[in-house]
Amino acid sequence: MKSFIPREVETLWTLFTAPVVWALHFAACYATVAVFCAKRLPASFSFDSVRIVLFVVTLMALGVIVFAAWLAWRQWGFGDDDPPHNEPTRDSRLLFQGFATLLLSGLSFLAVVYAAVPLMFIAECQP
Amino acid sequence: MDDDRLTGACRPIRSEERIVRQGSDRNGRTKAVASLFLLCPFLVSCSGIQSALDPAGREAADVATLFFTMLLGGAIIWAGVVGLLFYAARKRRVHSEKNAGRLILWGGAVFPSVVLLALLSYAAWLMPNVRPWFQGADGGMRRIEVTGEQFWWRVRYLDAGGAVAFETANEVRVPVGERVVFSLKSPDVIHSFWIPVLGGKMDMIPGRENRLTLQAEKPGTYRGVCAEFCGTSHALMAFTVHAMQPQDYEAWLLARRASSGVQDAEGLALFLKHGCAACHTVAGTEAQGKIGPDLTAFGERGSAGAGTLANEVEHVARFLRDPGRIKPGAKMPHFTMLPEAETDRIAAYLTGLK
Ligand SMILES: [Cu+2]
C-alpha cells in the first residue's frame, strides 16, 4: 500500500477528484438507464441487471470518494489543527486545501448516494 | 365578460368553525376572524373540484399524503430552527467552541443529510404508486385518447380493439373504481393534461404518445386543466371530468354512441348552411369536420369553450359570434356577419343536442 500512495500529494487537482467522480457517476446512471430504455437491447438483459450494474458502479464511485477523502484527511493532518487555516504560509495553505477537499468529498459522497436512491425504486422503462 | 366565466370552486372550508371558536373573548374573536381572512387564500385551494389536496382518486391520494407528510416535517423543522433562533437571541449563555462545532456538524450537516435521504427515499418509494405502470396496458384496460390542441381537448374513446369508438371534446368521463389508460398526444405545441383530484399531470408532446393511468374512487364532477403554457388562451383551456358509477358509465357509452343531431331540422340546416360543418362533427348528420371540437351531444357538456363559459344559449351564441374575443387566439373564425337571430338559433340547436 505504502509504495502505491505517495506520502504527500500537493496539487490542486486532488480537490476536484470527488466532485468529478460524482459527475461521472451521475452521467453514467442517467445515460445507462436512458440508453437501455430507448434501445431495449439485448432482450435478455433485464432492467434488474441494469440496476445491479449501476449498483456496482455506485459502490466503486463511493470507494474512490472515500479514498480521496482519506488522502484529504491525511493532508489535513487527521484533524490535529482547527480551521480556519488562514495564515499566509505553505503549511496553512496545505491544511486549508486538505480540509476543503475533505468537505467536498463528504458532499460528493452524499450526492452519489442520493443519485442512486431512485435506482432502487424505479419500476421499469416507460415507453 | 369575466363575470360569467366558470371559475374553479372557491368555497371556504371546514376549519372556519374551529378557528373562530378558539377566540374566547371579543378581542380574541376579532383576531381569529382576521387570521381566518389571512388564511383564506390557502384554505380555499384545499378543497373543491380542482384541488390536489381533496383527492378523489388513488394517485391523487398518494400525492396528497406526500404533500402533508412533507408539510408536517417542514413545519417541525421550521419550528425547531425558529426556536433556536429565539434561544440564541435571548439567552446570553456562553457555549464552548467545541459544543458549537458539534452543533454545526450534527445539526447543520448530519441531520439535514439524513432527513433529505429519508424524504427522497419516501418520495421515490411512492413514485410507482403515483405513476403506476402496467406491462401490456393495451390488453384489458379501458383506453381514452386525449389530444391537447390550442386551446381545447379532443377526446376519443377507444374500444377493446384499440379502434376509435367515438369522439367528443372538452369533457372526460371515467368509471369509478376502474383503472383507465389515457394516451396523451398533441399536434401543435406542448400541453399538459392534469386532473388534480385524480392524479399528477403529464405532458402532451408533439410527435409522442405519453401514457397516464388514473383510477377514480369517488363519483363526482371535477375539473381538469392544461398545465403547460401553450399560447394566449392557455388559461382558458380546461375540461370537465365526470367520475361515474360503472353501470351509469356503460349506459352513457351506449347512449352516446347512438346520439345524433337530426331532431332539430331548422337548427341543423343553419349549422350546415353557415359552414360550421367544415370544422365540426355532429354525429348522424352531414357535418363531419375534424378541425374543431366534435359537437355531438354538445348540450350534455358542463361548459362551453373548453371550461370557459357556462353552457347556456346566450353564452354559446356570444362565443360563436366572436370566439377570439372570449378566447384570444382561438382557432375558430368569428361569425359577426350573421344576423343575431341566426347565431342564437344555432346556439339553441347546439345546447339542445343530447
Ligand atoms: Cu394547452
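To start, this report covers the structure provided alongside it. (Residues numbered from 1 in each chain as written. Chains lettered and ligands numbered in written order. Predicted model: local features only at pLDDT ≥ 70, side-chain atom pairs only at ≥ 80, totals over all residues. Heavy atoms only, no water.)

## Structural notes on the overall build of chain A
Within chain A, the regular secondary structure consists of three helices and zero strands. Taken from the N to the C terminus, the helices and strands of chain A come in the order α-α-α. Per-residue burial for chain A yields a buried fraction of 31% across its 127 residues. Working note: accessible area of chain A is about 8200 Å², and carbon and sulfur atoms make up 73% of it. (Helix = DSSP H or I, 4+ residues; strand = E, 2+ residues; numbered from the N terminus. Buried < 20%, exposed > 50% of the residue type's maximum accessible area, 1.4 Å probe, protein only. Areas by Shrake-Rupley, 256 points an atom, 1.4 Å probe, with all protein chains shown as cover.)

## Regarding the overall build of chain B
Scanning chain B from terminus to terminus reveals nine helices and twelve strands. Within chain B, buried positions represent 42% of all 354 residues. Put simply, of all contacts in chain B between residues at least 6 apart along the chain, 62% involve residues at least 24 apart. Summed over its atoms, the accessible surface of chain B is roughly 18600 Å², and 62% of this surface lies on carbon and sulfur atoms. (Contact = heavy atoms within 4.5 Å.)

## Details of the coordination of the copper ion
All names here are of chain B. At this site the copper ion is bound by His191 (ND1), Cys226 (SG), Cys230 (SG) and Met237 (SD), with donor distances of 2.1 to 2.6 Å. Each of the four donor atoms bound to the copper ion contributes to angles spanning 99 to 122°, and the resulting shape is tetrahedral. Of note, the copper ion draws all its donor residues from one chain, in the sequence arrangement H-x34-C-x3-C-x6-M. Linking Cys226 in strand β9 (residues 220-226) with Met237 in the loop between β9 and β10 (238-244), this pair joins segments that are eleven residues apart in sequence. The pair formed by Cys226 and Met237 is uniform in burial state, with each residue classed as buried. (Donors = N, O, S within 2.8 Å, 3.2 Å for Na, K, Ca; no water. Tetrahedral: all angles 85-135°; square planar, octahedral: opposite > 155°, others 65-115°.)

## Looking at the pattern of salt bridges
Residue and element names in this part refer to chain B. As enumerated under the stated definition, the model contains 16 salt bridges over all chains in all. When the shortest N-O distance is used, the salt bridge between Glu250 and Arg142 registers 2.8 Å. Note that Glu250 is positioned in helix α5 (residues 246-258) and Arg142 in strand β1 (residues 142-149), a separation of 108 residues in sequence. A salt bridge links Arg156 to Glu145; the nearest nitrogen and oxygen atoms lie 3.0 Å apart. Here Arg156, found in strand β2 (residues 152-158), pairs with Glu145, found in strand β1; they are eleven residues apart in sequence, far enough to count as distant. Note on Glu145: relative accessible area 10%, which makes it buried. Salt bridges linked by common partners bring Glu145, Glu149, Arg154, Arg156, Glu167 and Lys185 together as one network. (Salt bridge = Lys/Arg side-chain N within 4 Å of Asp/Glu carboxyl O.)

## What about helix α2 (residues 47-75) of chain A?
Residues and elements named next belong to chain A. Under the 1.5 Å per step criterion, the end-to-end length of α2 is 42 Å for 29 residues, consistent within 8% with the ideal 42 Å. Looking at α2, one finds that the buried residues are Phe47, Val50, Leu54, Thr58, Ala61, Leu62, Ile65, Ala68, Ala69, Leu71, Ala72 and Gln75. On its buried side, α2 packs onto α1 (13-39) and α3 (90-121). Where α2 terminates, the next one or two residues include Gly77, which has phi positive at roughly 75°. (Expected span 1.5 Å × (residues − 1).)

## Structural notes on helix α3 (residues 58-90) of chain B
Residue and element names in this part refer to chain B. Across its 33 residues, α3 extends 48 Å between first and last C-alpha, which sits within 8% of the 48 Å expected from 1.5 Å per residue. Residues of α3 that are buried include every one of Glu59, Ala60 and Ala64, and no others. Contact partners of the buried residues in α3: α4 (97-130), β5 (179-185) and β8 (210-215).

## Here's the deal with the packing of aromatic side chains
The relative placement of two aromatic rings is captured by the distance of their centres and the angle of their planes. All names here are of chain B. Scanning the entire structure with this criterion turns up 14 aromatic pairs over all chains. Centroid distance Phe67 to Phe68: 5.3 Å. Interplanar angle 75°. Geometry classified as edge-to-face. Judged by its relative accessible area of 37%, Phe67 is partly exposed. An angle of 75° between the planes, with centres 6.0 Å apart, marks the rings of Trp153 and Phe193 as edge-to-face. One end of the pair, Trp153, is in strand β2; the other, Phe193, is in strand β6 (residues 191-194), and 40 residues separate them in sequence. In this pair, the class of Trp153 matches that of Phe193, namely buried. One aromatic cluster is present, formed by Trp153, Phe182, Phe193 and Phe239 through successive ring pairs. (Phe/Tyr/Trp six-rings, centres within 6.5 Å; stacked < 30°, edge-to-face > 60°.)

## Regarding the side chain of B:Ser186
Residues and elements named next belong to chain B. You can see Ser186 is positioned in the loop between β5 and β6. Looking at Ser186, its side chain comes within polar contact range of the main-chain nitrogen of Asp188, at 3.3 Å. At 2.6 Å, the side chain of Ser186 and the backbone oxygen of Val189 are in polar contact. With sequence-adjacent residues up to four places away left out, Ser186 is seen in contact with Thr147, Gly148, His191, Met204, Ile205, Pro206 and Gly207. (Polar contact = N/O pair within 3.5 Å; in protein donor to acceptor, adjacent residues only side chain to side chain.)

## Focus on a nonpolar patch on the surface
Taken together, the side chains of A:Leu12, A:Trp13, A:Phe16, A:Val20 and A:Leu24 make up a nonpolar region of the molecular surface, amounting to roughly 570 Å² of accessible area. Topologically, A:Trp13 is positioned in helix α1. (Patch = residues over 30% accessible without salt bridge, like charges linked within 9 Å, V, L, I, M, F, W, Y side chains within 5 Å.)

## So, the pairing of strand β3 (residues 164-169) of chain B
All names here are of chain B. The sheet contact formed by β2 and β3 spans five bridges and is antiparallel. The residue of β3 that forms the bridge with Tyr157 is Phe166. Connecting β2 to the next strand, β3, in antiparallel fashion are five residues, including Gly162 with a positive phi near 90°. (Pairing = 2+ DSSP bridges.)

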